[in-house]
Amino acid sequence: MSTPIHRTSTRQSAAVLASARRREDGSRTGSTSARPTERALLEMQSRAGNRATTAMVQRARDAERGNAAANGASPQAKKNYRDRIAALLDRFKKNLEPVDTFVKGFQTPTNAAFTQQAAVAANESLKHSTAASGTSAASGNLLTEAAGTVVNGMDAYKNMKDARKHDTGADHHRANKKAKTKGVDTVVGAAGSGSYSAAIAKEVTKIQKAADAAVASEASGIAGASVGTVKGIRSAFRIGRAAGKYQQIKKLGDPHLVQAGALARLNESREQADWAAAEAYVALDSYWKHEGPGRLELVSEAIDAAWEAMAEARDAGETLRRAENDVEKLSTVQQYAKKKQLTKIGKEAAGGGGESVKAAAGVVTAVAAGTVGLASNPVGWGLAGAGAGLVLGVTLYKALRAATKRYEEVHHPERWAPQGETPAEAASRTESLKHALKFWKKVSKGERQAMAREIYALAAGPDISGHTTAEMRESARSLLIALKSGPAQHKLEPDAWAETLNDPAKTSGWIAEIAEQLASG
């Protein structure tokens, strides 16, 4: 049936108009009860009706709200403007990164080789060409590094404000950690920009055949050695943190062994419930055969008892099954967390080792600058090439892994989709390959995010995951502490920290926090 249309009563409208006329007449005879604005409103109402008047008032209110919003929107507009600039710079930097990778991995080592050959053969033309190529390479590196430095600085500032906004909890810890990390990235990036500027100056002096070429080469070598050393030391600290996290996770033990006692008790409860159900059915059978008085009443009571015993047996079996599944999930996420830390150790060891080797090459450059320099020094050339090769290998590995994850994200959306959520439609292979090549985009629905949801589901409070056993919840929370997402990091007492895990409003923040901690050392 269609919804009935409610019409305004004609009697009511007539009464309103009559009242308006009486007031208008009163104002003409000298009554002061109706002010000019009221008379205008009544006249408008009598001519156009209530609906038009209401619409006009509403428009006036909207205009006032719009003016108020315009007066108070300046801080928000500035914030949005700043975010847009940061996003554009980040996109610009990521578009430069493939070129930067090529320069660091191929062009720079190749230039070093040709520079050595030119020095040995005293080929001035080749020296000039390699110097020009070196200038362009260092300029590309400088542009990428400078853009990254600005982006990291803006990101550090934003997260610092977010950390102050959230005094405690997962949001505070995530923002505070990111602010520190991005702050260090900014300092290192600024130092790297200075190093590339020195490299440009060195190559320019070679092109111009300036007398101070040796001094510029020495300065460039010292700057490169300093930046490489800092990056190597930073990688060493990251390796130490990742190794410490790995050891803490390892100490938790195999969930199958840790939860063996709890599973045994649940299995015993299930067996007892099964026996009780069997006995109830035996009693029911005996009452069916009973011929004495009150037989129907006894049978009815026996049926109720049998149904209740059967329900308890079913619940006990379901509890055991869920607990066994939770043990498997906890085992899976623990193995994943350990694998992530080992992978991080490997990547930092290779990348940090490459930076350390490049630092050694810078030392050789500085020491040999007074004589023939790195150009004719095969040790320096070899160190530069080896360092670039290690850094390039790590960069290519990260790029390939990220591209694979982006491909799976759209080609197999059901693989890591949240439980209970309808997966998006799978993209074609061609569209998936196009998405995989969008290196500036981050993976939002991958394996790490799925593992974070699993950990949270196990560690969350009874209001969120009511079927999880207390022993299993405690083990999952121990994993959170091992991942450095415990009360100490969140600046909370243990009870308050546990309450945040039982707050549905904090679910998304917790999942993002766990995903970050799985990836970091």
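None of the values given here were measured: they were computed from a predicted structure.

Digging into helix α16 (residues 494-501)
- Burial in α16 covers these residues: W497, T500 and L501. Buried residues of α16, seen end-on, are gathered within an arc of 105° and therefore sit on one face of the element. Within α16, the exposed residues directed more than 90 degrees away from the buried face are D495 and E499.
- Contacts made by the buried residues of α16 are with α13 (447-459), α14 (470-482), α15 (487-490) and α17 (507-519).

Here's the deal with the nonpolar core
- I455, L479, L480, L483, W510, I514 and L518 are the most contacted members of the largest nonpolar core, which has 31 residues in total.
- Mapped by element, the contributors of at least two residues to this core are α9 (260-289), α10 (295-368), α13, α14, α16 and α17.
- No other element matches α10, which puts seven residues into this core.
- When near neighbours in sequence (up to four residues on either side) are disregarded, W510 contacts A170, Y456, L480, S485, H490, W497, T500 and L501.
- Core analysis: the next-biggest nonpolar cluster, separate from the first, contains seven residues, A277, A280, A313 and A316 among them.

With respect to unusual backbone geometry
- In this structure, K484 takes a positive phi of about 65° despite not being glycine.
- You can see K484 is positioned in the loop between α14 and α15.
- In this structure, K491 takes a positive phi of about 55° despite not being glycine.
- Along the chain, K491 falls in the loop between α15 and α16.

Some thoughts on the packing of aromatic side chains
- Under the definition given, this model contains one aromatic pair.
- Between W497 and W510, the aromatic rings sit 6.1 Å apart at their centres with planes inclined by 70°, giving edge-to-face as the arrangement. One end of the pair, W497, is in helix α16; the other, W510, is in helix α17, with 13 residues separating them in the sequence. Neither residue differs from the other here; W497 and W510 are each classed as buried.

Comments concerning the side chain of Q449
- With respect to the secondary-structure elements, Q449 resides in helix α13.
- Excluding its chain neighbours within four sequence positions, the residues that come into contact with Q449 are V443 and S444.

Quick word on the packing of α13 against α17
- It is at 8 Å that the axes of α13 and α17 come closest, and there the two elements cross at 120°. With respect to their mutual orientation, α13 and α17 come out oblique. Here α13 runs over α17; the crossing is right-handed. Each of R448, M451, A452, R453, I455 and Y456 in α13 lies in contact with α17, whose residues at this interface are T507, W510, I511, I514, A515, E516, L518 and A519.

Let's talk about the pattern of salt bridges
- Inspection of the entire model under this criterion finds twelve salt bridges.
- One salt bridge connects E471 with R265, and the closest N-O pair in it is separated by 3.6 Å. Separated by 206 residues along the polypeptide, E471 in helix α14 and R265 in helix α9 bring together distant segments of the chain.
- Residue class for R265 comes out partly exposed when judged on its relative accessible area of 48%.
- Between E318 and R322 there is a salt bridge; the shortest N-O distance is 3.5 Å.

Considerations on the environment of S520
- Inspection of the secondary structure puts S520 in the segment after α17.
- Using a relative accessible area of 15% as the deciding quantity, one classes S520 as buried.
- In this structure the C-alpha to C-alpha distance between S520 and R238, which are 282 residues apart in sequence, comes to 8.6 Å.
- For S520, the residues in contact, after removing those within four places along its chain, are K177, K245, Q341 and K344.

Remarks on α9
- For α9, built from 30 residues, the straight-helix expectation of 44 Å at 1.5 Å per residue is met to within 8% by its first-to-last C-alpha distance of 44 Å.
- If you check which residues of α9 are buried, you get A262, L263, L266, A273, A277, A280 and L284.

Some points on a negative patch on the surface
- A contiguous patch of negative charge on the surface is contributed by E297, E301, D304, E308, E312 and D315.
- Mapped onto the elements of the fold, E301 is located in helix α10.
- Using a relative accessible area of 47% as the deciding quantity, one classes E301 as partly exposed.

The rules behind these values
- Residues numbered from 1 in each chain as written.
- Predicted model: local features only at pLDDT ≥ 70, side-chain atom pairs only at ≥ 80, totals over all residues.
- Heavy atoms only, no water.
- Buried < 20%, exposed > 50% of the residue type's maximum accessible area, 1.4 Å probe, protein only.
- Helix = DSSP H or I, 4+ residues; strand = E, 2+ residues; numbered from the N terminus.
- Arc of directions from axis to C-beta.
- Contact = heavy atoms within 4.5 Å.
- Core = buried A, V, L, I, M, F, W, Y, C linked by side-chain atoms within 4.5 Å.
- Phe/Tyr/Trp six-rings, centres within 6.5 Å; stacked < 30°, edge-to-face > 60°.
- Axes fitted to C-alpha atoms, helices over the stretch in contact; angles between N-to-C directions.
- Parallel < 35°, antiparallel > 145°, perpendicular 65-115°, else oblique.
- Left-handed = near helix turned anticlockwise from the far one by under 90°.
- Salt bridge = Lys/Arg side-chain N within 4 Å of Asp/Glu carboxyl O.
- Expected span 1.5 Å × (residues − 1).
- Patch = residues over 30% accessible without salt bridge, like charges linked within 9 Å, V, L, I, M, F, W, Y side chains within 5 Å.
- Areas by Shrake-Rupley, 256 points an atom, 1.4 Å probe, with all protein chains shown as cover.
- Lys, Arg positive; Asp, Glu negative; His and termini not counted.
- Charge placed at Lys NZ, Arg CZ, Asp CG, Glu CD.

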